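Breakdown of the fold
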Amino acid sequence: MPNLEKYKIVLHLRDPRDILTSMYFSWAYSHAVPSLETQKLSFLEFRKKVSETGIDDFVISSTKELKNRFDSYFQHLLNKPNVLWVKYEDMVYDFRNWMETVVDFCGLETNQETVNQLIESADFSVSQENIYNHKRQVLPGDHQRKLNVNTINYLNKEFEEALEILDYK
């Protein structure tokens, strides 16, 4: 996009290992099936392929594309004066501070009552994980609960630079 420096950009990132884990469950179980027959058939074939592949193989096969996306964020957006980088984990664990940071950066004219209503309406709770729900579970670190150790080690190596830059241990 030309003239990116003219815009305020909120770069909202998540641990790439959790993104890949979440992608698997989204494609394999929770994404809505398209209503158009032509799209529906190819989607269902892809969903079947993803679920049959299994989470670890899917994550490994999807790593390069996500790594390229993160590299692009780092190259074109991170540390630019018009870009605010915020973390998914901060949104989940400290929504008030996350929200106030975004509102301040964007220079939005809001009243405290509106901000408080948004903060009060934010709900990151999930009583029980359900793989068929879009909001399957929200807790950071899901890759540690779902992936085998070899896959985690592979991701740690592939995303080493990103994990360092983004302060994910």
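This text goes with the structure placed above it.
**Considerations on the packing of aromatic side chains**
Geometrically, a pair of aromatic rings is defined through the distance of the ring centres and the angle of the planes. Taken as a whole, this structure holds ten aromatic pairs when the rule is applied. Residues F70 and F159 carry aromatic rings whose centres are separated by 6.3 Å and whose planes lie at 70 degrees to one another, so their mutual orientation is edge-to-face. Taken as a pair, F70 in helix α3 (residues 55-76) and F159 in the loop between α8 (149-158) and α9 (160-165) lie far apart in primary sequence, 89 residues in all. Pair check on accessibility: F70 and F159 agree, each one buried. Over the face of the ring belonging to Y88 we find R14, whose NZ or CZ atom lies 4.1 Å from the ring centre.

**Overview of the pairing of strand β1 (residues 9-13)**
The two faces of β1 differ: I9, L11 and L13 on one face are buried, but V10 and H12 on the other face are not. The sheet contact formed by β1 and strand β2 (residues 83-87) spans five bridges and is parallel. Across the sheet, residue V10 finds its bridge partner in β2, namely L84.

Reading the values: the criteria
- Residues numbered from 1 in each chain as written.
- Predicted model: local features only at pLDDT ≥ 70, side-chain atom pairs only at ≥ 80, totals over all residues.
- Heavy atoms only, no water.
- Phe/Tyr/Trp six-rings, centres within 6.5 Å; stacked < 30°, edge-to-face > 60°.
- Helix = DSSP H or I, 4+ residues; strand = E, 2+ residues; numbered from the N terminus.
- Buried < 20%, exposed > 50% of the residue type's maximum accessible area, 1.4 Å probe, protein only.
- Lys NZ or Arg CZ within 6 Å of the ring centre and 35° of its normal.
- Pairing = 2+ DSSP bridges.

Nothing here speaks to function; it is all geometry.
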